[in-house]
Amino acid sequence: MTQHAERVQITEAGAYRYRIPRHGAMRVPGVVFASPELLPQAAGDQALDQVVNVAALPGVVGASYAMPDVHWGYGFPIGGVAATDVAAGGVVSPGGVGFDISCGVRLLAADCDRAEIAPRIGALLDALGRRTPRGAGRGAVWHIGRRDLDRVLREGARHAVERGHGVQRDLERCEDGGVLTEADPAAGRVGDRARERGLGQLGSLGSGNHFLEVQEVETVHDEATARAMGLVAGQVCVMIHCGSRGLGHQICTDQVRTMGRAMRRYGIEVPDRQLACVPADSPEGRDYLAAMAAAANYARANRQLLTESSRAAFAETVGHGLDLVYDISHNLAKIETHRVDGETRRLCVHRKGATRALPPGHPELPPDLAEAGQPVLIPGTMGTASYLLTGVPDGDAWHSTCHGAGRVESRHQAAREVNGGRLRAELEARGIAVRGTTARGLAEEAPGAYKDIDAVVTAAEGAGLCRRVARLVPLGVVKG
DNA sequence: ATGTTC
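What counts and how
- Residues numbered from 1 in each chain as written.
- Chains lettered and ligands numbered in written order.
- Predicted model: local features only at pLDDT ≥ 70, side-chain atom pairs only at ≥ 80, totals over all residues.
- Heavy atoms only, no water.
- Pairing = 2+ DSSP bridges.
- Helix = DSSP H or I, 4+ residues; strand = E, 2+ residues; numbered from the N terminus.
- Contact = heavy atoms within 4.5 Å.
- Expected span 1.5 Å × (residues − 1).
- Bend = angle between axes of the 7 residues up to and from the residue.
- Buried < 20%, exposed > 50% of the residue type's maximum accessible area, 1.4 Å probe, protein only.
- Near = heavy atom within 4 Å.
- Nonpolar A, V, L, I, M, F, W, Y, C, P; charged D, E, K, R; others polar.
- Salt bridge = Lys/Arg side-chain N within 4 Å of Asp/Glu carboxyl O.

**What about the sheet that holds strand S13 (residues 343-352)?**
The strands that make up a sheet are held in pairs by hydrogen bonds between backbone atoms, and each pair lies either parallel or antiparallel.
And step 1. An order of S1-S2-S3-S4-S5-S13-S12 is seen for the seven strands of this open sheet, with the pairing classed as mixed. The two strands at the open ends of the sheet, each matched to only one other strand, are strand S1 (11-12) and strand S12 (331-340).
And step 2. With two bridges connecting them, S1 and strand S2 (residues 17-20) associate as antiparallel partners. Within the sheet, the bridge partner assigned to Glu-12 lies in S2 and is Tyr-18.

Have a look at this one:
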């Protein structure tokens, strides 16, 4: 029997902004950035209940935030952002990062326009498909031993580049330079099972909503910023959306198990056991963050290897190169410094299905992007648009914005309503080349199962979280 | 998301 929670009470609080006043165990209010249409409304959708639950985490400051693409997730909503004050016993929660640790997006810019590659798009997609292991399970392009895997976990994309998989400039265009140096995959943090799964999947795409797309810059909203990021209208790009595969999933599973036990020792109570958490500055909290960083490094190395596969496919079919625009995660907890009530505080910022969006002038930007701001990469649904955004001064929610379209139908529901073969034919008829894995996999990712990406970005921009730079549309898609 | 149910 299903028991439906009482509807969460929300009030309008400005442009594309709703507020959930504090009640019950909430330590801070909830803030939801959305239009009326984007608010979770399906019966049984408990995303807003999850926003309320997150507001009860020990040490949480500001608000429990939800982005316009928010939907139900494990403990935390996907599209949720919450920060805790580390020095005040603020917690870290694996549920606030998600199972696909450091899942993220990479955008590559080709030195050619659509017309130039149009005659060879089929051959290009064939080559990309052939070189990109995808779907559930094994499939690596870089076969390494345990010692090298340990270096991947410690050094991320930097290690891949050191071993010849990429160029130095790639690292300059990765968040954190492609490596979280606090990673520590010591035994007890990253187990044998996680390592075993990771060894067989380096350079693979995965499944679900992960994809590799050849895209065209369809609309440039801000020419100067787009140019500073290396993009002009009509240009061909590659967008890669994937994460830490089975390794990240296994690390999350293992950490959630141990954290559930540790939580009781700290006397922490949470409204949902999926919000298991411990103080970020505790032995168990530091263990989680070190293991999470190792998984994040794997994800960044993985995207680096997928980049090299794409470069090889472009070189052999169309004879063009690919420059990295940026690589950004949307599933991560980060220790960051922010102003809270007039004081500088160290916060553990959880972004789960939410993207960091640094404004122009932020000290963490690479020098050649200092004036433009951080490229914020928003993958849309298969067959629809994707966006390049940037951060804004005084960006809300600790400089965060949306991460994608946001699912509104379950995979099961989508698969029941859509015929994968027909969907593929429709995409091909619209000129979008498709290299999929299974018909069911395609059906589960049908555009109708997601919110409208244009509406999500309009809400994120309207709420003052980010600014549009360019809109990209697919020419061909390789689906996991 | 995930060797799609340890």
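Having put the structure on the table, let's press on.
**Quick look at the environment of Glu-444**
And step 1. Positionally, Glu-444 belongs in helix H13 (residues 439-444).
And step 2. Separated by 206 residues in the primary sequence, Glu-444 and Val-238 place their C-alpha atoms 23 Å from one another.
And step 3. Not counting residues within four places of it along the chain, the set of residues in contact with Glu-444 comprises Arg-407, Arg-411, Ala-414, Ala-415 and Ala-449.

**Quick notes on helix H4 (residues 146-162)**
And step 1. In this model, H4 (17 residues) spans only 17 Å end to end at C-alpha, well below the 24 Å of a helix rising 1.5 Å per residue.
And step 2. Maximum bend of H4: about 125 degrees, positioned at Glu-155.
And step 3. Turning to H4, its buried residues number three or more, namely Asp-148, Leu-149, Asp-150, Val-152, Leu-153, Glu-155, Gly-156, Ala-157, His-159, Ala-160 and Val-161.
And step 4. Residues of H4 that are buried in the fold lie against helix H5 (168-172), helix H6 (192-199), helix H8 (245-265) and helix H9 (283-317).
And step 5. Of the residues one or two after H4, Gly-164 is the one with positive phi, at around 95 degrees.

**Thoughts on the protein's contact with DNA strand B**
And step 1. The local shell around DNA strand B holds 16 residues, among which Arg-197, Ser-207, Gly-208, Asn-209 and Arg-245 are the closest.
And step 2. Across the atoms of DNA strand B situated within 4 Å of the protein, the share located in sugar and phosphate is 54%.
And step 3. Every element with two or more residues in the surface near DNA strand B is listed here: H6 and H8.
And step 4. Considering every element that reaches the surface near DNA strand B, the biggest residue donor is H8, with three residues.
And step 5. A class-by-class count of the residues in the surface near DNA strand B yields two nonpolar, nine polar and five charged.

**What to know about the pattern of salt bridges**
And step 1. All chains considered together, the criterion is met by 39 salt bridges.
And step 2. Here Arg-189 and Asp-287 are joined by a salt bridge, their closest N and O atoms 2.5 Å apart. Of the two residues, Arg-189 sits in the loop between H5 and H6 while Asp-287 sits in helix H9, which places them 98 residues apart along the sequence.
And step 3. By relative accessible area, which is 28% here, Asp-287 ends up partly exposed.
And step 4. Notably, a salt bridge pairs Arg-440 with Glu-444, separated by 2.8 Å at the nearest N-O pair. Taken as a pair, Arg-440 and Glu-444 lie in helix H13 at a separation of four residues, close to a single helical turn.
And step 5. What emerges from the salt-bridge pattern is a single network uniting Asp-150, Arg-154, Asp-184, Arg-189, Arg-195 and Asp-287.

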